[in-house]
Every structure is written in structure tokens, then in C-alpha cells.
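Structural overview for review
Listed below, chain by chain, are the residues.
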Amino acid sequence: MGKLVFTIFSGLAQFEQDIISERTKSGLESARARGRKGGRPRKDHSKLDMAFKMYDSKDYSIKEILDATGISRATFYRYLSQR
């Protein structure tokens, strides 16, 4: 009896997951059709260029660079490693 109930609930959960997935995909598709893009916006390249110039000049500390540009430490180091 327990296996039957577990199997029924498992089937219902899978069905609900499939419905949610279909709705999400259709929502993303309709947003793309309206010209919307998903994801996190990219950082302003002028601020990144200024941060790299300050970093390359070796006249500023990392804290001064981050305060002047408004870029987070993790973001700065991620872009620095890609350079």
C-alpha cells in the first residue's frame, strides 16, 4: 500500500514539474519576442577601463580603485583574470 501511494505522489510531482517547466519556457520565449533579454546586466566598460588604468599605474590601492569606480572586489578580480 505504501509503494502505491509513493508512486502516485511521485507521478503527480513529476507532472507538476513538467507543467512549471513548460510555463517557464513559454514565458521566456514570449519575453524574447517582445525584445526583452534575460540575465544580469554587464558592467560599464568605461568604469572597467578606468579601474584597469588605475591598477596598471600602481599608484592606487585596490580599495581606492574599487571606491572610485564602484565595482565590487569579486567583479574586478573576475574581469582582471579574463584580461
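These numbers come from a predicted model, not from an experiment.

The helix and strand inventory of the chain stands at 4 helices and 0 strands. Counting from the amino terminus, helix and strand elements in the chain follow one another as α-α-α-α. Taking 83 residues into account, the globule formula puts the C-alpha radius of gyration at 12 Å, and the chain, at 24 Å, lies well above it. For the chain, the residues scored as buried account for 17% of the 83 residues in total. A sequence separation of at least 24 residues applies to 36% of the contacts in the chain between residues at least 6 apart. If you sum the accessible surface of the chain, you get close to 7200 Å²; carbon and sulfur atoms cover 56% of it. Of the side chains in the chain, 17 bear a positive and 10 a negative charge, and the two mean positions are spaced by 2 Å.

Under the counting rule described, the total for this entry stands at 2 salt bridges. Residue arginine 83 is joined to aspartate 56 by a salt bridge in which the shortest nitrogen-to-oxygen separation is 3.1 Å. Of this pair, arginine 83 sits in the segment after helix H4 (73-82) while aspartate 56 sits in helix H2 (residues 45-57), and the two are 27 residues apart along the sequence. A salt bridge links lysine 63 to aspartate 67; its shortest N-O distance comes to 3.2 Å. One end of the pair, lysine 63, and the other, aspartate 67, are both in helix H3 (residues 62-69), 4 residues apart, so they sit about a helical turn from each other. Judged by its relative accessible area of 55%, aspartate 67 is exposed.

To continue, consider a positive patch on the surface. Together, Arg40, Arg42, Lys43, Lys47 and Arg78 line one region of the surface with positive charge. Structurally, arginine 78 can be placed in helix H4. A relative accessible area of 44% means that arginine 78 is categorised as partly exposed.

Time to look at helix H1 (residues 2-33). Residues three or four positions apart in an α-helix share a direction because the helix packs 3.6 residues into each turn. Between the first and last C-alpha of H1 there are 47 Å, a value that for 32 residues agrees with the 46 Å anticipated at 1.5 Å per step. The positive-phi residue at the C-terminal boundary of H1 is glycine 35, with phi of around 90°.

Here we take up the side chain of threonine 75. Structurally, the position occupied by threonine 75 is in helix H4. A polar atom in the side chain of threonine 75 sits 2.8 Å from the side chain of serine 72.

Conventions and cut-offs
Residues numbered from 1 in each chain as written. Predicted model: local features only at pLDDT ≥ 70, side-chain atom pairs only at ≥ 80, totals over all residues. Heavy atoms only, no water. Helix = DSSP H or I, 4+ residues; strand = E, 2+ residues; numbered from the N terminus. Rg over C-alpha atoms; globule rule 2.2 N^0.38 Å. Buried < 20%, exposed > 50% of the residue type's maximum accessible area, 1.4 Å probe, protein only. Contact = heavy atoms within 4.5 Å. Areas by Shrake-Rupley, 256 points an atom, 1.4 Å probe, with all protein chains shown as cover. Lys, Arg positive; Asp, Glu negative; His and termini not counted. Charge placed at Lys NZ, Arg CZ, Asp CG, Glu CD. Salt bridge = Lys/Arg side-chain N within 4 Å of Asp/Glu carboxyl O. Patch = residues over 30% accessible without salt bridge, like charges linked within 9 Å, V, L, I, M, F, W, Y side chains within 5 Å. Expected span 1.5 Å × (residues − 1). Polar contact = N/O pair within 3.5 Å; in protein donor to acceptor, adjacent residues only side chain to side chain.

In short, the description is geometric, and any link to function would need to be established separately.
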